[in-house]
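# Coordinate analysis (summary)
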Amino acid sequence: MVSGSGKVVLVTGASGGVGRGIALACAEAGWTVWVAARRAREGSEVAENVDAVGGRGRYVACDVRDATSVASAVQAVTLRDGRLDGVVHNATSELSPRPVRLVEVPLADLREHAAVSVRGTWLLARSAFPHLRAARGSLLLLTSEAGFEGKARLAPYAAVKAMQRGLARALAREWGPHGVRVNGLAPLASSPAMERAFAEDAAMRARVLGRNPLGRLGDPVREIGAAARFLLSDDAAYVTGHTLMVDGGSCPVT
Amino acid sequence: MTGDPRHASERARPLILGTDVAAVRALAGALDGRLEWVPAAEGDAALETWRRRCASAAPCAQIVVALWSEIPPRGDTPLTDMDADMWETRAEAPLIAWSVALAAAASRCADGGAVVGVIEAPAALDAAGFAPEVGLAVAVRALARSLAASEGARGVRVNTVTTQARLGVEPLAPAPPLASFPGRVEREVAGAVRLLLSPDAAGITGGTLAADSGRAW
């Protein structure tokens, strides 16, 4: 039984992978889950999946890079459900798994990484804060072990994921007096994004699994989604400014 | 040209890739470094032009990157009150500039050399109002770790130093351990940089030294 029934949460990038896993884990607690994504067909399917496992699923179009789109998505939630208890920023650039040498990365690609991960964080925080304050809710940022240890061939991704960790820490200080919690979650999950990364770099699967004490990737619903649900729930009412690693113990940096 | 001892001696001085700001000049002076300006606040096109020029420049064994704004950020604007211009100026533009400059520095660093990024950020306890700076500092540390991993095979080390010397932070309790808080660019910050550039730090890469009188740990 998850503490805090009847929550209304919005999950970005929830049309697949880890975002979908978080949406379904929240649905299993009976929560209302807004699947925020650009891809309408896939997003609507996940919303139907949410209904099927005990939640109330709703799709809303959202491009986290765009202020108007983010504001509209948040407004859609509060107009329909009258509250917003949690926001999960999971969306990440489609460039994330593409191996690059940092010195050669086009500036437009750096901009794209920044827009999705860090501008998206700011826009969501700005639009959602009044509602999270009213609900004494929380913001959860999906980061990565790359944001702790860096990545030789995924440096732009590592940088934006790290920046989200810092934003979570600072926002926890800013929002704490208002009763709003801010946390991070660094998963290592089986997902389409991870499969794309493995496809781009043939040795990566062995490298990733070889150093993982549990020797496997996390399940997006049962393991990653459940951890996200905990951080959003009242069970985590005293947890803020923290980034929880759910990575099978693989990250060497704390 | 390359055999001229004057050029050899010039190349032996640390190269400071920085913004045209008094505190960066002070850091360069304390390190006896030679300055090259990075157009960090002049837009992506200027940054791209600089990156191309940097790629064909002579290598250097010791490089310091310090992209500081002319007016230090103040902690009086909550993240949710920032407008798009402030967000761009304090978060996205610096992130792009640091990504470009630190990578260019690591690429230009001679085999066996050292790169140090010096980033301004308050400690976690004092982070309210400084969300972009705190985020940027963590991002720069990740960039340094990424570059430490990619350039380590050439013996190039990449580290970071954090400082609060210019930020005007009012620390929450408990007070920083050393009365020297927030420290001075010319002394505490330059000292940490000097250590990381030196052979005494030959086994240190991907790390961060907080030159902040013990405020952050």
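Residues numbered from 1 in each chain as written. Chains lettered and ligands numbered in written order. Predicted model: local features only at pLDDT ≥ 70, side-chain atom pairs only at ≥ 80, totals over all residues.

## Notes on the overall build of chain A
For the record, the criterion: Elements are defined by DSSP. Helices are runs of H or I of four residues or more, strands are runs of E of two residues or more, and each kind is numbered from the N terminus. For this measure, only C-alpha atoms enter the radius of gyration; the expected value for a globule follows 2.2 Å times N^0.38, where N is the number of residues. To sort residues by burial, count the other C-beta atoms lying within 10 Å of each one's C-beta; a count of 20 or more means buried, 12 or fewer means exposed, and anything in between means partly exposed. C-beta atoms are built from the backbone. Residues are scored as being in contact if the C-beta atoms we place from backbone atoms lie within 7 Å.
Across its full length, chain A carries nine helices and seven strands. At 17 Å, chain A has a C-alpha radius of gyration in line with the 18 Å of a compact globule built from 254 residues. In chain A, buried positions account for 58% of the 254 residues. Relative to all contacts within chain A whose residues are 6 or more apart in sequence, the contacts with residues 24 or more apart total 73%.

## Looking at the overall build of chain B
Looking only at helices and strands, one finds six helices and six strands in chain B. Listing every helix and strand of chain B by position from the N terminus yields α-β-α-β-α-β-α-β-α-β-α-β. On C-alpha atoms alone, chain B measures out to a radius of gyration of 17 Å, which is about the 17 Å that the 2.2 N^0.38 rule sets for 217 residues. Principal-axis analysis of the C-alpha atoms places the extent of chain B at approximately 55 × 40 × 30 Å.

## Quick look at the pairing of strand 7 (residues 243–246) of chain A
Residue and element names in this part refer to chain A. Stated precisely, the cut-off is as follows: Only when DSSP finds a minimum of two bridges between them are two strands counted as paired.
The side-chain alternation of strand 7 yields one buried face, formed by Thr 243 and Met 245, and one unburied face, formed by Leu 244 and Val 246. Direction of pairing for strand 6 (residues 181–187) relative to strand 7: parallel, over a ladder of four bridges. The residue of strand 7 that forms the bridge with Gly 184 is Thr 243.

## What to know about the sheet that holds strand 1 (residues 8–12) of chain A
All names here are of chain A. Threshold: To get an axis, fit a line to the C-alpha atoms, keeping to the stretch in contact for a helix; angles then go from 0 to 180 degrees between the N-to-C directions.
The sheet built from seven strands is open, its strands ordered 3-2-1-4-5-6-7 with parallel pairing. In this open sheet, the two strands that pair with only one neighbour each are strand 3 (56–61) and strand 7. Geometrically, the sheet is characterised by an average inter-axis angle of 20 degrees between neighbouring strands, direction not taken into account. Relative to strand 2 (residues 32–37), strand 1 runs parallel, the two being bridged by five bridges. Paired with Val 11 across the two strands is Val 35, which belongs to strand 2. Where helix 3 (residues 67–81) meets the sheet, it contacts strand 1, strand 2 and strand 3, and its direction lies at approximately 160 degrees from that of strand 1.

## With respect to the environment of Ala 175 of chain B
Considering the arrangement of structural elements, one finds Ala 175 of chain B in the loop between strand 5 (157–163) and helix 6 (185–197). Along the chain, Ala 175 of chain B and Gly 214 of chain B lie 39 residues apart, while their C-alpha atoms are 9.5 Å from each other.

## Brief notes about the interface of chain A and chain B
This is how it is decided: Residues are grouped as follows: Ala, Val, Leu, Ile, Met, Phe, Trp, Tyr, Cys and Pro are nonpolar; Asp, Glu, Lys and Arg are charged; all remaining types, including Gly, are polar.
Listed as interface residues are 32 residues of chain A and, on the opposing side, 35 residues of chain B. Of all the elements in the fold, those that place two or more residues in the side of chain A that touches chain B are helix 4 (107–135), helix 5 (146–149) and helix 6 (155–175) of chain A. Per-element tally for the side of chain A that touches chain B: the top contributor is helix 6 of chain A, with 15 residues. Grouping the amino acids of the side of chain A that touches chain B by side-chain chemistry returns 20 nonpolar, three polar and nine charged.

## A word on the sheet that holds strand 2 (residues 34–37) of chain B
Residues and elements named next belong to chain B. The six strands are arranged 2-1-3-4-5-6 in an open sheet whose pairing can be described as parallel. Two strands bound the open sheet, and with one partner strand each, they are strand 2 and strand 6 (208–210). Strand-to-strand twist across the sheet, computed as the mean angle between neighbouring axes with direction ignored, equals 20 degrees. In this sheet, strand 3 (residues 60–66) lies alongside strand 1 (residues 15–18) in parallel orientation, the contact comprising four bridges. Looking at strand 3, one finds that Gly 18 is bridged to Ala 66. Along the sheet face, helix 5 (residues 131–151) touches strand 4 (109–120), strand 5 and strand 6 and points at about 165 degrees away from the line of strand 5. Along the sheet face, helix 6 touches strand 3, strand 4, strand 5 and strand 6 and points at about 155 degrees away from the line of strand 4.

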